[in-house]
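# Coordinate analysis (summary)
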Amino acid sequence: MATLAESFLADLDDLSDGEEEPEEAQVDEDKMDDLDDIEALNYDSLEAVANLIKTPRYNRVVAAATAGLTTEVQPEVARLGAVDDNPEYKLIVECNQLAVDIDNEIAVVHNFIRDKYRLKFPELESLVMHPVDYARVVKAIGNEMDMTVVNLDGLLPSATIMVVSVTGSTTNGKPLDEENLNKATEACDQALELDASKKTILEFVENRMQWIAPNLSAVTGSEVAAKLMGIAGGLTNLSRMPACNVQVLGAKKKRLDGFSTATLNPHTGYVFNTEIVTQTPPAYRQRAGKLVAAKCTLMARVDSYGQDPTGKCGSNMREEIQQKIDKWQEPPPAKQPKPLPVPDLEGKKRRGGRRLRKMKERYGMTDMRKQANRMNFNQPEEEIGLTGEGMGLL
């Protein structure tokens, strides 16, 4: 017969076993759900991971941007009131949003190409980091194993071409089968098409920035103004942002594992790519970036409400910024040699006080001595004693 302690331990074991079973069952269910999701993604198909190029929004915006490049803005068209109501401005906002989506789509397509082409040339992804350049190189190399036949001129710098050629000749990769090669080539074509559409959109936005935001473009340039407006979500949102936030728009976090951070400039966004900041000496570049960011906010407010469609205010602001930067670089005024003081020709006045007054009274000239020093006119003075001194008027 079991004792009370043994029965108590048996009950505890039963309770612990009952608690673990639901947890294990839950973990197994989660694993099965994850496996189902991974199988449903089907990464072997490009359409499953990248379908932006087939959306109606993409085709509509790209077609509108292409048509907008062929038509010029009429100079006599006046823009009054807020810019948000203008259909041209709405198209520019859609172009900026689509440009961001295209960048994300290119990154997805780049990962798809790397997964497929890694069996052929695994070292290429570490040699060519840019997604579009990687797609061009993959399309140029294809399934060729002899790198001397491949012509990469114009696609990469000469130094990179040499490294890619040497590494490709000694790689351990194997030729791809026809199916994977066709998928990789198709993904390269899609990445290049997305990049061409992005360039068309940015060219259209830069072309219209002289009309949508003439003052902001005068200060920062059309390209930087378009990037600022796109990442801020429109000209009105940009005008409402403080200058400290405008300064870091477009800043990317840099990873320098094991490298020096002496030349790392933190908090540098699109504003630091303007012509004014890049031409400023490095010692004043951070200060110039803050100044340009502050003026960008002011010019965005002017353009948002259409107060100066001619852009004269932006030109004046650019000249003012340049004058301030030139003033910073001026050397300090030279110190003028200080001449020696004029020597004292007269004795300095002695310090007064009660003791000095008492001394003057004690050793001062009395009335009797004053009378003794005087004499009557045309009258001889009587001499007293052997010294020959007279008594004066006494």
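Here, the structure is the one placed above.
Residues numbered from 1 in each chain as written. Predicted model: local features only at pLDDT ≥ 70, side-chain atom pairs only at ≥ 80, totals over all residues. Heavy atoms only, no water.

## Section: unusual backbone geometry
Using the following cut-off: Only DSSP runs of H or I reaching four residues or more are called helices, and only runs of E reaching two or more are called strands; each is numbered from the N terminus. Here's how the labels work: a residue is buried when its accessible area is under 20% of the maximum for its type, exposed when over 50%, partly exposed in between, all with a 1.4 Å probe on protein chains only.
Phi is positive for Asn378, which is not a glycine, with a value near 60°. As for its position among the elements, Asn378 is in the loop between α17 (367-372) and β1 (383-384). Using a relative accessible area of 70% as the deciding quantity, one classes Asn378 as exposed.

## Observations regarding the side chain of Gln190
Quick note on the threshold: What makes two residues a contact is simply this: any of their non-hydrogen atoms within 4.5 Å.
Looking at where Gln190 falls in the secondary structure, it is placed in helix α8 (residues 178-212). In contact with Gln190, not counting residues within four places along its chain, are Leu46, Ala50, Ile53, Glu105 and Val109.

## Quick look at the packing of helix α3 (residues 56-70) against helix α4 (residues 87-117)
Threshold: Axis angles are defined between N-to-C directions and span 0 to 180 degrees, where every axis is a line fitted to C-alpha atoms and, for a helix, only to the segment in contact. The cut-offs work like this: below 35 degrees is roughly parallel, past 145 is roughly antiparallel, 65 to 115 is roughly perpendicular, and the gaps in between are oblique. Should the near helix be turned anticlockwise from the far one by less than a right angle, the crossing is left-handed, and should it be turned clockwise, the crossing is right-handed. Only Asp, Glu, Lys and Arg are considered charged, only Ala, Val, Leu, Ile, Met, Phe, Trp, Tyr, Cys and Pro nonpolar, and every remaining residue, Gly among them, polar.
At a closest axis distance of 10 Å, the pairing of α3 and α4 adopts a crossing angle of 125°. The orientation of α3 relative to α4 falls into the category oblique. α3 and α4 meet at a crossing whose hand is left-handed. Listed contacts from α4 to Arg57, Tyr58, Arg60, Val61, Val62, Ala64 and Ala65 of α3 are Leu91, Glu94, Cys95, Gln97, Leu98, Asp101 and Ile102. Of the residues assigned to the contact of α3 with α4, the class counts are nine nonpolar, one polar and four charged.

## Regarding a nonpolar patch on the surface
Note the cut-off: Each patch is assembled from residues with relative accessible area greater than 30% and no salt bridge, linking like charges that lie within 9 Å and nonpolar side chains (Val, Leu, Ile, Met, Phe, Trp, Tyr) that lie within 5 Å. All accessibility values rest on the Shrake-Rupley procedure with a 1.4 Å probe; residue burial counts only the protein chains present in the view. Salt bridges, as used here, are contacts in which a Lys or Arg side-chain nitrogen is within 4 Å of a carboxyl oxygen on Asp or Glu.
A surface patch of nonpolar side chains, amounting to about 410 Å² of accessible area, comprises Met368, Ile384, Met391 and Leu394. Tracing the backbone shows Leu394 in the segment after β2 (389-390).

## Comments concerning the side chain of Lys295
Definition in use: Neither His nor the chain ends is counted toward charge; the positive residues are Lys and Arg and the negative residues Asp and Glu.
Here Lys295 is to be found in helix α14 (residues 282-304). Although Lys295 is buried, it forms no salt bridge, and the closest oppositely charged side chain is Glu320 at an N-O distance of 4.3 Å.

## Digging into the environment of Cys313
The topology assignment puts Cys313 in helix α15 (residues 312-329). For Cys313 and Leu216, which are 97 residues apart along the polypeptide, the C-alpha to C-alpha distance reads 9.3 Å. Not counting the four nearest positions on each side in its chain, Cys313 is found in contact with Asn215, Met299 and Asp308.

## Focus: the pattern of salt bridges
Counted by the stated rule, this structure contains 15 salt bridges. One salt bridge connects Asp103 with Lys198, and the closest N-O pair in it is separated by 2.5 Å. Taken together, the positions of Asp103 in helix α4 and Lys198 in helix α8 put the pair 95 residues apart, joining distant regions of the chain. On the accessibility criterion, Asp103 (35% relative accessible area) is partly exposed.

## Section: a positive patch on the surface
Heads up, the condition is: Every charge is mapped to an atom, namely NZ of Lys, CZ of Arg, CG of Asp or CD of Glu.
There is a patch of like positive charges on the surface, built from Arg354, Arg355, Arg357 and Lys358. Relative to the helices and strands, Arg357 is located in helix α16 (residues 354-363).

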